[in-house]
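Each chain, written out:
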Amino acid sequence: MNILILEDEPFAAKRLEIMLKDMNASYQILSVIDTVSGAVKWFSNHQMPDLAFFDIHLADGISFEIFNQVSIECPIIFTTAYDEYALQAFKVNSIDYLLKPFDFQDLQKAIEKLLRLRRENEPERAIEKRLSQLENLIKEATSKVQYRTRFLVESRGQMISIPVQSINYFYSTSKITTLVSNEGRKFIIPETLEEIETQLNPNNFFRLNRWVIGSASSIEAIEASFGGKLKVTLSPRIDDEVIVSKEKATPFKEWLGR
């Protein structure tokens, strides 16, 4: 465990250091600091320790002043001869408040409290760490995906390249897939909706149902339908009703609200 000590009395600092080493020889004392300004400078230029001991009265002020100048995220054990600061101490990262002169048993109980709190929070921290790792993996994988930017279509013997931002939706009937531009022009394309869905950026297109993929700009109106379903009106209009299932209704609304 890496430990920082804030103490302006050299004898008290040395005594604390000896007790910590007697408790566990692997404990590393990173530094002993006797001023508020020195503590601010240290926290501004170093990683957080695993634990810090804060004497309240330092050589140039009260240690609570440190919290007004830097962000401190490590657990803290306050050590002081004054009991009137206890309430103020527990408003910050304090896990214990030791009144001087404290003995080895007092210190040991405070350390055991810290270790117990860590064990109790370990499953939660492990889950948070794993979720963070998964989010990073997803972001990394997503950043490598090359979504389609254009569709090459044929019209009256000519080949036309249409940017995806100019497409309102795709629909499929009788195994024929049609691309509809935001100008209302329709083009038959060879891909299936299943193939197209994997090629489009999901931030811009949504699979409304098994026969329509729509862009956000294609949604003209939404109405509640029976059974928790949604009726969607597309622009330009399409002949058949476009119904979003109850299962897809919530993710669809979340997608529109991004």
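Throughout what follows, the structure given in this document is the object of discussion. Values in this document were obtained by computation on a predicted structure and should not be read as measured data. (Residues numbered from 1 in each chain as written. Predicted model: local features only at pLDDT ≥ 70, side-chain atom pairs only at ≥ 80, totals over all residues. Heavy atoms only, no water.)

### Concerning the pairing of strand E10 (residues 167-173)
Keep this limit in mind: For every residue, the accessible area obtained with a 1.4 Å probe (protein chains only) is divided by the maximum for its type, and the residue is called buried under 20%, exposed over 50%, and partly exposed between those limits. Each helix corresponds to a stretch of at least 4 residues labelled H or I by DSSP, and each strand to a stretch of at least 2 residues labelled E; elements are numbered beginning at the N terminus. Here, any two strands with at least 2 DSSP bridges between them count as paired.
With five of seven residues buried, E10 lies mostly within the body of the structure. When E10 meets strand E11 (residues 176-181), the two strands line up antiparallel, connected through six bridges. Within E11, the position partnered with Tyr-169 by the bridge is Val-180. What sits between the antiparallel neighbours E10 and E11 is a turn of two residues, in which Ser-174 has the positive phi angle 50°. Strand direction decides the pairing type here: E10 and strand E14 (residues 212-215), joined by three bridges, are antiparallel. Its bridge partner lying in E14, Tyr-169 is registered against Gly-214.

### Considerations on the sheet that holds E14
Spelled out, the test is: The angle between two axes is taken between their N-to-C directions and runs from 0 to 180 degrees, where each axis is a line fitted to C-alpha atoms and a helix contributes only its stretch in contact. When checking whether two residues touch, look at their non-hydrogen atoms; a contact exists if any pair is within 4.5 Å.
Reading across from one edge, E12-E11-E10-E14-E13 is the order of the five strands in this open sheet, with antiparallel pairing throughout. In the strand order of this sheet, the two ends are held by strand E12 (186-189) and strand E13 (205-209), each with one partner. Averaged over all adjacent pairs, the angle separating strand axes in this sheet is 25°, with direction ignored. Taken together, the four bridges between E11 and E12 define a ladder with antiparallel strand orientation. By the bridge assignment, Leu-179 is partnered in E12 with Phe-187. Contacting E13 and E14, helix H6 (residues 246-256) runs over the sheet at an angle of about 155° to E13.

### Points about the environment of His-46
Cut-off, in case you're wondering: Two N or O atoms count as a polar contact when they lie within 3.5 Å, although within protein this holds only if one can serve as hydrogen donor and the other as acceptor, and sequence-adjacent residues are included solely when both atoms are side-chain atoms.
Locating His-46 in the fold gives a position in the loop between helix H2 (36-45) and strand E3 (51-55). On a C-alpha basis, the gap between His-46 and Asp-239 in space is 66 Å, while along the polypeptide they are 193 residues apart. In this structure the side chain of His-46 is engaged in a polar contact, spanning 2.9 Å, whose partner is the backbone oxygen of Trp-42.

### Here we look at the sheet that holds strand E17 (residues 242-244)
Within a sheet, adjacent strands bond to each other through the backbone by hydrogen bonds, running parallel or antiparallel. Strand order in this open sheet of three strands is E15-E16-E17, and the pairing throughout is antiparallel. Bordering the open sheet on either side are strand E15 (219-224) and E17, each of which pairs with just one other strand. Within this sheet the neighbouring strands show an average axis-to-axis angle of 30°, counted without direction. Direction of pairing for strand E16 (residues 230-234) relative to E17: antiparallel, over a ladder of three bridges. Among the inter-strand pairings, Leu-230 is bridged to a residue of E17, identified as Val-244.

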